[in-house]
Amino acid sequence: MSEYTVRPARSADILGIHHLLEPLVERRILLGKDLAVLYGAVQEFIVAEADGVLIGCGALHVMWEDLGEVRTLIVRDDWLRRGVGRALVDALEARAAELGLQRLFCLTFEMDFFTRRGFEPIGEQVVDPDVYSQLLRSPDEGVAEFLNLAHVKPNTLGNTRMLKNL
């Protein structure tokens, strides 16, 4: 079995991340992201690499003082069930802890995977009303998904909103 490494993404990885993302966008599992958006968020990403080829990725997006989101978590099909997803989430959690975050959010179809990582399904009210009103000002679609706003509901059908306390 080949070994893999998990490391921070570099700008040269963005085309590979986009390549990993596209089949999941076509299957309506993940939302598409323009290359400009991916390049602008390169510092949020980590990648898993084997023999110089990207086999997975994930991103940590800071949403608020104590709250981050695990985004764009992808493992190539031929690397599933080999610990890559777990390693990516572990690395994202370590980065979140370094940043002082106390909670991680995700919006996922993969409830079993995230439940095994300590995430739990959540209801509507995850932040206090003052923070909610501040987050409403964000132009970020992921924040809108977190807030469960009506205009993003078509994109989130079937997904489960989950949260983990670090």
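The numbers attached to residues start from 1 for each chain and follow its sequence in the written order. Residue-level local features of this predicted model are given only where pLDDT is at least 70; pairs of side-chain atoms are given and counted only at 80 or more, and the full residue set underlies all totals for whole chains, interfaces and linings. As a rule here, side-chain values cover all heavy atoms of the structure and leave hydrogens and water aside.

1. Looking at the pattern of salt bridges
The line we're drawing: One side-chain nitrogen of Lys or Arg within 4 Å of one carboxyl oxygen of Asp or Glu is enough to make a salt bridge. Burial classification: accessible surface area is computed with a 1.4 Å probe over protein chains only, and a residue below 20% of its type maximum counts as buried, one above 50% as exposed, and the rest as partly exposed. Under the DSSP-based scheme used, a helix requires at least four consecutive residues in state H or I and a strand at least two consecutive residues in state E, with every element numbered from the N terminus.
Under the counting rule described, the total for this entry stands at six salt bridges. With a closest N to O distance of 2.8 Å, Glu69 and Arg71 form a salt bridge. The buried category is assigned to Arg71, whose relative accessible area is 14%. Across the pair Lys164 and Glu93 runs a salt bridge, and its minimum N-O distance is 2.8 Å. With Lys164 in strand E7 (residues 160-165) and Glu93 in helix H3 (residues 84-98), this pair connects stretches of sequence that are 71 residues apart. Of the two residues, Lys164 and Glu93, neither departs from the other in class, the shared state being buried. Via salt bridges that share partners, Arg7, Asp13 and Glu49 belong to a single interconnected network.

2. Quick notes on unusual backbone geometry
Positive phi outside glycine occurs at Arg28, with the angle close to 60°. Locating Arg28 in the fold gives a position in the loop between helix H1 (14-26) and helix H2 (35-40).

3. A closer look at the nonpolar core
The nonpolar side chains of a soluble globular protein tend to be buried with one another. Under the convention used in this document: Among the buried residues, those of types Ala, Val, Leu, Ile, Met, Phe, Trp, Tyr and Cys that are joined through side-chain atoms within 4.5 Å form a nonpolar core.
Counting 20 residues, the largest nonpolar core has Val70, Val84, Phe114 and Phe119 as the members making the most contacts within it. Those elements that provide at least two residues to this core are strand E2 (45-50), strand E3 (53-64), strand E4 (67-75), H3, strand E5 (103-108) and helix H4 (111-116). Residues Leu20, Leu21, Phe45 and Leu54 belong to the second largest nonpolar core, which totals 15 residues.

4. Overview of H1
Selection criterion: To estimate how far a helix should extend, the number of its residues minus one is multiplied by 1.5 Å. Here the bend at each residue means the angle between axes fitted to two seven-residue stretches, the one ending at that residue and the one beginning there. Only heavy atoms matter for contacts: two residues are in contact if any of them lie within 4.5 Å across the pair.
Its 13 residues give H1 an end-to-end C-alpha distance of 18 Å, which sits within 8% of 18 Å, the value for a rise of 1.5 Å per residue. Along its length, H1 reaches its greatest deviation from straightness, about 25°, at Leu20, and the proline Pro23 lies no more than four positions downstream. On its buried side, H1 packs onto H2, E2, E3 and E4. The first or second residue beyond H1 is Arg28, which carries a positive phi of 60°.

5. Thoughts on the environment of Leu31
Positionally, Leu31 belongs in the loop between H1 and H2. The class of Leu31 is partly exposed, set by a relative accessible area of 33%. It is 8.6 Å that separates the C-alpha atoms of Leu31 and Thr72, two residues lying 41 residues apart in sequence.

By themselves these figures say nothing about function.
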